[in-house]
Amino acid sequence: MARRVMEQNSSSAFCARQMLRATSRTFALSIEQLPGVPRRCIAVAYLLLRVSDYIEDNEVMSATAKAELLRAWATVLERGGPVEALVAVLPAAGADDPEARLADQAGKLLGELRRLPEELQEIVVCYVTETTRGMARWQERGPFLLSEVDLDEYMHYVAGIVGHLITEVFAWHSPSIAKRQDDLMPLAHEYGLALQTVNVIRGLRSDFERGWVFVPDSLCAKEGLSQHELFQSERRAEAMQVVTNLARKAEGHLESGLRYVAALPRRHHQIRLACMWPLLFAARTLAVSRHDPAVLETEVKISRAQVREIVLRSRFLGWSNAWFEGYYWQLMKAPGS
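Predicted model only: the values in this text are computed from it and were never measured.

Draft legend 1. Region of the structure containing the pattern of salt bridges. Taken as a whole and judged by the stated rule, the model has 19 salt bridges. Here arginine 210 ties to aspartate 207 by a salt bridge, and the two come within 3.3 Å at their closest N and O atoms. A single salt-bridge network, built from bridges that share partners, covers Arg50, Asp53 and Glu99.

Draft legend 2. Structural view of the packing of aromatic side chains. Summed over all chains, the structure comprises eight aromatic pairs. Taken together, a centroid distance of 5.5 Å and an interplanar angle of 15° make the contact between tryptophan 212 and phenylalanine 214 stacked. You can call tryptophan 212 buried: its relative accessible area is 7%. With a relative accessible area of 5%, phenylalanine 214 lands in the buried category. Among the aromatic residues, ring-to-ring pairing joins Trp138, Tyr154, Trp212 and Phe214 into one connected group. Over the ring of tryptophan 138 we find arginine 141, and its NZ or CZ is 4.1 Å from the ring centre.

Draft legend 3. Up close: the side chain of threonine 129. Relative to the assigned elements, threonine 129 resides in helix 8 (residues 118-141). By relative accessible area, which is 4% here, threonine 129 ends up buried. Polar side-chain contacts of threonine 129 include one of 3.1 Å to the backbone oxygen of cysteine 126. Contacts of threonine 129, omitting those with residues within four sequence positions, involve Ala74, Leu77 and Glu78.

Draft legend 4. Here's a closer look at the packing of helix 3 (residues 36-57) against helix 8. Two elements in contact, helix 3 and helix 8, have axes whose closest approach is 10 Å; the angle formed by their N-to-C orientations is 20°. Considered as vectors, helix 3 and helix 8 are oriented roughly parallel to each other. Helix 8 is crossed by helix 3, and the crossing has right-handed handedness. Mapping the contact onto sequence places Val37, Cys41, Ala45, Leu48, Leu49, Ser52, Asp53 and Glu56 in helix 3 and Leu120, Val124, Val128, Thr131, Thr132, Met135 and Gln139 in helix 8. Taken together, the residues of the contact of helix 3 with helix 8 sort by class into nine nonpolar, four polar and two charged.

Each value, and the rule that gives it
Residues numbered from 1 in each chain as written. Predicted model: local features only at pLDDT ≥ 70, side-chain atom pairs only at ≥ 80, totals over all residues. Heavy atoms only, no water. Salt bridge = Lys/Arg side-chain N within 4 Å of Asp/Glu carboxyl O. Phe/Tyr/Trp six-rings, centres within 6.5 Å; stacked < 30°, edge-to-face > 60°. Buried < 20%, exposed > 50% of the residue type's maximum accessible area, 1.4 Å probe, protein only. Lys NZ or Arg CZ within 6 Å of the ring centre and 35° of its normal. Helix = DSSP H or I, 4+ residues; strand = E, 2+ residues; numbered from the N terminus. Polar contact = N/O pair within 3.5 Å; in protein donor to acceptor, adjacent residues only side chain to side chain. Contact = heavy atoms within 4.5 Å. Axes fitted to C-alpha atoms, helices over the stretch in contact; angles between N-to-C directions. Parallel < 35°, antiparallel > 145°, perpendicular 65-115°, else oblique. Left-handed = near helix turned anticlockwise from the far one by under 90°. Nonpolar A, V, L, I, M, F, W, Y, C, P; charged D, E, K, R; others polar.

Distances and angles like these do not, on their own, reveal function.
Put into structure tokens, the structure is as follows:
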């Protein structure tokens, strides 16, 4: 009997691991670096958020329908009700869409959530539902942002909150991190905003093609552009200045993220690496994107070779804050400089 339970748990965990790897390349790398229970917890939280992303990014449903479905998903998470009715109304997607397959297995994912310690369940549900309801509000507000305040509010819901989530999980795991939690939480929020601001920059074109422009109208107006003109080839010089201004905003968040990772105790090397890698990937992505007009035409990514190099170096040297900060600034240099 005990062996059968162990086999079932192993099979369940393998399913979650497969879904994680299918829906993310870089975040799966970081999450799998974490120790034991925090790894399971943050993997589940990440996958729950990807279900929310799938609903939010769906190109078939109306904004009103997506907002209603996001709120229904948040209610299921809070109350533990049946998920079948929610899954049934999701638009069909191709079998090669990993997020569609994940959403279809939302019931199994909720089962993974219920296997976590109760305190961690509460943390995950609290922050995932807050993010999901924030997504619903933004669906109702529409696809254009007027000001940097709007951008910061949107990023708070989809990224800043996630910084708080992971920090609470780390504090649950480690008394030494718990002692620093009050200082870490505002930096954790900035850490999340850092990653999301770089995502906005590298995803400018793909977001535009699905009808969303996350560059605030106020930033465009400073360069004499409207949001609709941002991707016009004849306005490329002005558009690249907008990208530069957005990159400066990203830099400020990244520097706070740098302080967040450096504040994590050095003895928690696995946790530091899991947080360090996305920050370093983002730093290099920003360096590659900020002066390249291609960012307005396609999604800019760093190479797998660069990812491997960052991972390898930090595994051996990431315990040192001096090395980490120096390497960060090295990655932030423009290619060829």
